[in-house]
Amino acid sequence: MNLMYVLALLVPVAFVLGWWASRQVGARRSGAEVSELSSDYFRGLNYLLNEEQDKAIEVFLKLAEYNRDTVETHLALGNLFRRRGEVDRAIRLHQHLVSRPGLSDAMKTVALLELGEDYMRAGLLDRAEALFSDLVAMDAHAPSALRHLIAIYQHERDWHKAIEHARRLEVMTGEDEAPMIAQFYCELADRSRQHGARAEARDYLHQAFECQPDCVRAFMLTGRLQSEDGHHVEAVTAYEAAVAADIAFTPEILPPLLNSYAHSQQMERAEGFLRSMLERYHGVSPVLALTHLYRQRDGERAAIDFLTTQLRLRPSVRGLMALIDATMDKIEGEARENFLILRDLTKKLLEGQAMYRCSRCGFGAKAHHWQCPSCKSWSTIRPIHGVASE
Amino acid sequence: MRLLAIIILLIFIAAGIVLGALNADLVGYDLAFARVKLPKGAALLGAVVIGWLLGGLTAWLGVSSRQRRQHRQQSRADKKLPAQP
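Given the structure is predicted, the values throughout are model-derived calculations rather than measurements. (Residues numbered from 1 in each chain as written. Chains lettered and ligands numbered in written order. Predicted model: local features only at pLDDT ≥ 70, side-chain atom pairs only at ≥ 80, totals over all residues. Heavy atoms only, no water.)

What follows covers the nonpolar core. Residues and elements named next belong to chain A. Ranked by size, the top nonpolar core spans 84 residues in total, and within it F132, F184, Y185, I253 and L257 carry the most contacts. Looking at this core element by element, the count peaks at nine residues for helix α9 (residues 178-194). Ignoring anything within four residues of it in the chain, the contact list for Y185 reads I163, R167, Y204, Q207, A208 and C211. (Core = buried A, V, L, I, M, F, W, Y, C linked by side-chain atoms within 4.5 Å. Buried < 20%, exposed > 50% of the residue type's maximum accessible area, 1.4 Å probe, protein only. Helix = DSSP H or I, 4+ residues; strand = E, 2+ residues; numbered from the N terminus. Contact = heavy atoms within 4.5 Å.)

Below, the structure is given as structure tokens:
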């Protein structure tokens, strides 16, 4: 009878021990899987860092098959696909993530944000807009969603909506978006000006100045409006204010400014202003403008003397070309032939040069853009200062 | 750690042999459909082995059924994937 008690006690004790041992073995095995996953993860990361995206995708795909619950791996894969231009795969992956049952709300909104970016990359702007609007309405990743929405409205040139969302972003993040909003108002003003709605254009410019009192573009547009209306004295004032606001835009401002000086017959004021510019601005544009002014007023000799003196102080290919053009008529024979060769050479040198560069992304451009075509930032494209350019 | 496990295992084997030798006399069991006679040591060992196996089996069944359920849910989610735009 005693033996039966012992046996009855032994069976449950052995049961518990067997159950515990089995759990221990299972835990150890899953631990091995985790470490295998970790090693794969780091291998994928290594490929990414080495810019070997094909191999990284292969590793991450394998990783995603191992552990279908790893949302982060899927998100990384989707990003990789999008970066490689395989937008359709990225969209399918992110859609799959969004439709996954049991996914936490936080992860679902991240996947939605990624999906919106996929749509943007694929050019499906209406779908992206709907997604980002939903995210903003849900107050999930709202600043990022708002930034994407602003980018979409900029692309669609829907400046009113861009302004509305930029203001919301400003309130949400506390960051100063006023310079960007001023640019949007300038876009609206320019559009109104082109359509002949001059009062509306002035109203938009007024709002641009309210956002950014020293907005160069708004000053330039004001000058242009005044000049087109025949108010050249006011145009001169606006252009001079534009130079004072940001001297870097001098090459853009000088041609219309000189035109307004000429129309308002204020050549003395023009000379004084350009002289003061020589001290403040180290580019060649004011020198060329003054040379032109002296040629008209004092004759070719005075212009050449001034240009020669200035070129010694600030050597420039554009200045050299102006000097060659000015002296060409006075030279004959073999020297003239040599000058022609030199002029062609400098012309070709200038033709291949980027005259402007984005101070944010380094994008080089031959013409001026208010919004960088590459990084889409505003008012960052500026003239390049150097011997071959400004 | 492994050496300690081997030593403990050897101690248990030795204890089993000793217990088996000391309890070699037969004991009868009535299992309702059959009557068996077993040595006392074998009965003890059998109880331990059966309990251990039942415990391990229960734990394994619990884990594997949970994994199967998750896998089925995942497959259903895959089938519901929306069409490619």
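After presenting the structure, the write-up continues.
A few words now on the domain arrangement of chain A. Residue and element names in this part refer to chain A. Taken domain by domain, chain A holds domain 1 (176-257), domain 2 (282-351) and domain 3 (354-390). A separation of 20 Å is found between the C-alpha centroids of domain 1 and domain 3. Taken together, the contacts link twelve residues of domain 1 with nine residues of domain 3. Summed over the three residues of domain 1 that lose the most area to domain 3, namely Q183, F249 and E252, the buried surface amounts to 45% of that side. Inspection of the domain 1/domain 3 interface yields one salt bridge. The salt bridge involving D246 is made with R382; its shortest N-O contact spans 2.8 Å. Of all the elements in the fold, those that place two or more residues in the side of domain 1 that touches domain 3 are α9, α11 (216-228) and α13 (250-263). Considering every element that reaches the side of domain 1 that touches domain 3, the biggest residue donor is α9, with four residues. The residue inventory of the side of domain 1 that touches domain 3, partitioned by class, reads seven nonpolar, one polar and four charged. (Domains from an automatic or database assignment. Buried area = accessible area lost by both parts, 1.4 Å probe. Salt bridge = Lys/Arg side-chain N within 4 Å of Asp/Glu carboxyl O. Nonpolar A, V, L, I, M, F, W, Y, C, P; charged D, E, K, R; others polar.)

Moving on, we get to the packing of aromatic side chains. All names here are of chain A. Tallied over the entire structure, the rule returns eight aromatic pairs over all chains. With a centroid separation of 5.9 Å and 70 degrees between ring planes, the pair formed by W159 and W378 is classed as edge-to-face. On the criterion of sequence distance, the pair formed by W159 in helix α8 (residues 159-173) and W378 in the loop between β2 (364-365) and β3 (381-383) is long-range, its members being 219 residues apart. Aromatic pair Y294 and F306: ring centres 5.1 Å apart, planes at 80 degrees, arrangement edge-to-face. Here the residue Y294 occupies a position in helix α15 (residues 285-298), and F306 occupies one in helix α16 (residues 300-313), the gap between them amounting to twelve residues. Each of the two residues, Y294 as well as F306, counts as buried. (Phe/Tyr/Trp six-rings, centres within 6.5 Å; stacked < 30°, edge-to-face > 60°.)

Residues and elements named next belong to chain A. If you check α8, its first and last C-alpha atoms are 21 Å apart, about what 15 residues at 1.5 Å a residue would give, namely 21 Å. Every buried residue belonging to α8 is among W159, A162, I163, H165, A166 and L169, and all of these are buried. Positioned one or two residues after α8, G174 has a phi angle of 80 degrees, which is positive. (Expected span 1.5 Å × (residues − 1).)

On to the pattern of salt bridges, then. All names here are of chain A. The tally for this structure, following the rule as stated, stands at 23 salt bridges over all chains. With a closest N to O distance of 2.9 Å, R269 and E240 form a salt bridge. Taken together, the residues R269 in helix α14 (residues 267-280) and E240 in helix α12 (residues 232-245) connect sequence positions 29 residues apart. Given a relative accessible area of 30%, R269 falls into the partly exposed group.

Quick look at the packing of α12 of chain A against α13 of chain A now. All names here are of chain A. Orientation of α12 relative to α13, taken along the N-to-C sense of each, is 155 degrees, at an axis distance of 9 Å. The orientation of α12 with respect to α13, classified from their angle, is roughly antiparallel. Two packed elements cross with a definite hand, and for α12 against α13 that hand is left-handed. Taken together, the residues of α13 that come into contact with α12 (itself represented by H232, A235, V236, Y239, E240, A242 and V243) are T250, I253, P256, L257, S260, Y261 and H263. Across the contact of α12 with α13, the residue classes break down as nine nonpolar, four polar and one charged. (Axes fitted to C-alpha atoms, helices over the stretch in contact; angles between N-to-C directions. Parallel < 35°, antiparallel > 145°, perpendicular 65-115°, else oblique. Left-handed = near helix turned anticlockwise from the far one by under 90°.)

Side chains of L9, V13 and L17 of chain A together with L45, V49, W52 and L53 of chain B sit close together on the surface and give an oily, nonpolar patch of about 690 Å² of accessible area. Elements with a contribution of two residues or more to the nonpolar patch: α1 (2-49) of chain A together with α2 (40-79) of chain B. With four residues, the top contributor of residues to the nonpolar patch is α2 of chain B. Residue position: L17 of chain A is located in helix α1. (Patch = residues over 30% accessible without salt bridge, like charges linked within 9 Å, V, L, I, M, F, W, Y side chains within 5 Å. Areas by Shrake-Rupley, 256 points an atom, 1.4 Å probe, with all protein chains shown as cover.)

Residues and elements named next belong to chain A. One open sheet holds the three strands; their spatial order is β2-β1-β3, and the pairing between them is antiparallel. Looking at the sheet topology across the chains shown, the edges are occupied by β2 and β3. Summarising the sheet, strand β1 (residues 356-358) and β3 pair through three bridges and their orientation is antiparallel. Among the inter-strand pairings, R357 is bridged to a residue of β3, identified as R382. (Pairing = 2+ DSSP bridges.)

As a further point, take the pairing of strand β2 (residues 35-39) of chain B. Residues and elements named next belong to chain B. Here strand β1 (residues 26-30) runs beside β2; their pairing, made up of five bridges, is antiparallel. Across the sheet, residue G28 finds its bridge partner in β2, namely K37. In textbook terms, the turn of a hairpin is the stretch between consecutive antiparallel strands, and for β1 and β2 this stretch comprises four residues, one of which, A32, has a positive phi near 75 degrees.

Another point: α16 of chain A. Residue and element names in this part refer to chain A. Here α16 is 14 residues long and its end C-alpha atoms lie 20 Å apart, about the 20 Å a rise of 1.5 Å per residue gives. By the burial criterion, the buried members of α16 are A303, I304, F306, L307, Q310 and L311. Along the axis of α16, the buried positions cluster into a sector of 165 degrees, meaning they face one direction only. Of the exposed residues in α16, the ones pointing more than 90 degrees away from its buried face are R312 and L313. (Arc of directions from axis to C-beta.)

On the surface, a cluster of positive charge is contributed by R23 of chain A together with R66, R68, R69, R72 and R76 of chain B. Within the secondary structure, R72 of chain B sits in helix α2. (Lys, Arg positive; Asp, Glu negative; His and termini not counted. Charge placed at Lys NZ, Arg CZ, Asp CG, Glu CD.)

In this section: unusual backbone geometry. A positive phi angle is found at K376 of chain A, which is not glycine, with a value near 65 degrees. Tracing the chain through its elements places K376 of chain A in the loop between β2 and β3. In the Ramachandran plot, A32 of chain B falls in the positive-phi region, its phi being about 75 degrees despite a non-glycine side chain. By secondary structure assignment, the location of A32 of chain B is in the loop between β1 and β2.

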